[in-house]
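Descriptive analysis of the structure
This is what each chain is made of:
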Amino acid sequence: MTPTQTATAAPELTVVVPSYNERDNVPELARRLDHVLSGIAWEMIVVDDDSPDGTSAVVKALSRTDPRVRCIRRVGRRGLAGACIEGMLASSAPVVAVMDADLQHDETILPAMLAHIRDGRELVVASRNIEGGSKTEGLSPIRQAISDLGRKLSAMILRAPLSDPMSGFFMLKRELVEEIAPKLSTAGFKILADIAASVPRAPSVAEVPFVFRERVHGESKLDAKVALDYLGFVLNKLSGGLIPLRFIFFALVGASGLLVHMLVLYAALRSGVGFEWSQTLATVIAMTSNFAINNEVTYRDGRLRGSKFWVGLALFYVVCSIGALGNVGVASWLYSGHAQWWVAGIAGAVMGAVFNYAASSAFVWRR
Ligand code: GDD
Ligand code: MN
């Protein structure tokens, strides 16, 4: 690398690289960028959430010999979307890109992406879902269906038609991010979908196909929570941001609890337990599963551990019991006032859910 020569030119392109435990991947990524972006004034900003493997120290060691490489070490917070936003806002270049640190994103298409921006496009997305891209084939029918549904839902909230709204690999004009940054959510991972839903007008878009590579070092941090996360995001946007994301998760978890309840009830009845005991067992197990899932997903940022987990569970039982009383109370009151049975039923359930949510946020997972 020839740092002294390139460091003098103000960068045209900032490549923002979110990282968590990627110490073995980042130096290789820097080498590859140097190679593929020759002739372009670029810089790389690694936004590391204080990775336990010491990624930030590795990046800072690189910076000392190559000032095009910079590191933002964030302490006390975690999150892919937030990291990407901070990295983009740390840039002063006219163009910013976001790509993963783990070498799964094909860096060789960066020049083609930049060419589109130079041609006047505001947003360029590296897509797995167009001709020449990697995805779709090889997916099981059910995963294919989920992925199609995800795309259809996205189309309802995005200002731009994107074939791969979940891509973590894209490039855009910095002025666009600067404009919408206050509207973006730092939670979750769907930064591109959020950008495409938050722009004030339809941006001009180009897509470049790429093949999503296998990971060599380290492991993926995105798991099953991601699908739920995304559903919550879409519902939040569809409600015009009115319904808080956390409440949407809470309600989705509640719906999963109903399923658990029915399964346990069925199994208990089948094995000869009386109805009252079966119903009690189903209620306790459903509440417990709701608590555990809420603890992992809805209140992930304030997760209860060790003895606090058990105290929280006990409080959650109390909260849910009061919520259930409120539910039945409201529904019966409406029903006795001659409301339709289903109106009374829904009103009771909504009332119970809102109460459980408010009380859980205030007492169980208080921060
Ligand atoms: N700073 C920071 N904080 N970085 C993070 C965090 C975090 O909490 N979580 C993950 N990252 C970084 C990883 O180090 C990696 O560079 C990148 O974000 C993507 O994380 P992976 O854990 O490798 O995700 P993946 O390969 O499963 O997900 C891919 O597909 C998603 C959707 O299909 C990625 O391409 C995502 O960007 C994409 O949204
Ligand atoms: Mn990855």
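Residues numbered from 1 in each chain as written. Chains lettered and ligands numbered in written order. Predicted model: local features only at pLDDT ≥ 70, side-chain atom pairs only at ≥ 80, totals over all residues. Heavy atoms only, no water.

Turning our eyes to something else, we now look at the coordination of the manganese ion (ligand 2). Distances from the manganese ion (ligand 2) to its protein donors, namely Asp102 (OD) and Gln104 (OE1), fall within the range 1.9 to 2.0 Å. Of the two residues examined, Asp102 and Gln104, each falls in the buried class. (Donors = N, O, S within 2.8 Å, 3.2 Å for Na, K, Ca; no water. Buried < 20%, exposed > 50% of the residue type's maximum accessible area, 1.4 Å probe, protein only.)

Here the focus is the site of ligand 1. Around ligand 1, the structure places 24 residues, and the nearest of them are Glu22, Asp49, Asp102, Ser220 and Lys221. Between ligand 1 and the protein, one listed contact pairs a nitrogen atom with a backbone N or O atom of Val47 at 3.1 Å. A distance of 2.9 Å separates an oxygen atom of ligand 1 from a polar side-chain atom of Gln104. A total of 740 Å² of accessible area belongs to ligand 1 in isolation, and the protein chains cover 91% of it. Of all the elements in the fold, those that place two or more residues in the shell around ligand 1 are strand E1 (13–19) and helix H4 (80–89). Considering only residue class, the shell around ligand 1 consists of 10 nonpolar, 6 polar and 8 charged. (Near = heavy atom within 4 Å. Polar contact = N/O pair within 3.5 Å; in protein donor to acceptor, adjacent residues only side chain to side chain. Areas by Shrake-Rupley, 256 points an atom, 1.4 Å probe, with all protein chains shown as cover. Helix = DSSP H or I, 4+ residues; strand = E, 2+ residues; numbered from the N terminus. Nonpolar A, V, L, I, M, F, W, Y, C, P; charged D, E, K, R; others polar.)

Further remarks concern the pattern of salt bridges. Using the criterion set out here, one finds 21 salt bridges in the structure. As a salt-bridge pair, Arg68 and Asp34 come within 2.8 Å of each other at their nearest N and O atoms. Here Asp34 lies in helix H2 (residues 26–36) and Arg68 lies in the loop between helix H3 (55–65) and strand E3 (69–73), a separation of 34 residues in the sequence. By relative accessible area, which is 21% here, Asp34 ends up partly exposed. Through salt bridges with shared partners, a single network forms among Glu28, Arg31, Arg32, Asp106, Glu107 and Arg213. (Salt bridge = Lys/Arg side-chain N within 4 Å of Asp/Glu carboxyl O.)

With that out of the way, let us pick up the packing of aromatic side chains. The description of two aromatic rings rests on the distance between their centres and on the angle between their planes. All told, the structure shown has 10 aromatic pairs when counted by the stated rule. Each ring, one from Phe250 and one from Tyr357, has its centre 5.6 Å from the other, and the planes form 65 degrees; the classification is edge-to-face. Placement of the pair is Phe250 in helix H10 (residues 245–270) and Tyr357 in helix H13 (residues 341–364), with a sequence separation of 107 residues. A relative accessible area of 16% places Tyr357 in the buried class. Ring centres 5.2 Å apart and planes at 20 degrees place the aromatic pair Phe291 and Trp365 in the stacked group. On the criterion of sequence distance, the pair formed by Phe291 in helix H11 (residues 275–296) and Trp365 in the segment after H13 is long-range, its members being 74 residues apart. Here Phe291 and Trp365 have matching classes, each one buried. (Phe/Tyr/Trp six-rings, centres within 6.5 Å; stacked < 30°, edge-to-face > 60°.)

Another point: the domain arrangement of the chain. When cut into domains, the chain gives domain 1 (13–238) and domain 2 (245–364). Each of domain 1 and domain 2 has a C-alpha centre, and the two are 37 Å apart. Counting residues at the interface gives 8 residues for domain 1, matched by 7 residues for domain 2. Together domain 1 and domain 2 conceal approximately 790 Å² of surface at their shared face, both sides included; 74% is due to carbon and sulfur atoms. In this assembly, domain 1 and domain 2 are joined by 0 salt bridges. At the boundary of domain 1 with domain 2, the tally comes to 0 residue pairs in polar contact (both at pLDDT 80 or more). (Domains from an automatic or database assignment. Contact = heavy atoms within 4.5 Å. Buried area = accessible area lost by both parts, 1.4 Å probe.)

Let us now look at the sheet that holds strand E6 (residues 170–173). Adjacent strands of a sheet pair through backbone hydrogen bonds, lying either parallel or antiparallel. Reading across the sheet, the 7 strands line up as E3-E2-E1-E4-E6-E5-E7 and stay open at both edges, with mixed pairing between neighbours. Looking at the sheet topology across the chains shown, the edges are occupied by E3 and strand E7 (205–209). On average, each strand axis in the sheet is inclined to that of its neighbour by 20 degrees, with strand direction left out of account. Inspection of the sheet shows strand E5 (residues 123–127) paired to E7 by 5 bridges, in the parallel sense. The residue bridging Val124 from the neighbouring strand is Ala206, located in E7. Along the sheet face, H2 touches E1, strand E2 (42–48) and E3 and points at about 165 degrees away from the line of E2. (Pairing = 2+ DSSP bridges. Axes fitted to C-alpha atoms, helices over the stretch in contact; angles between N-to-C directions.)

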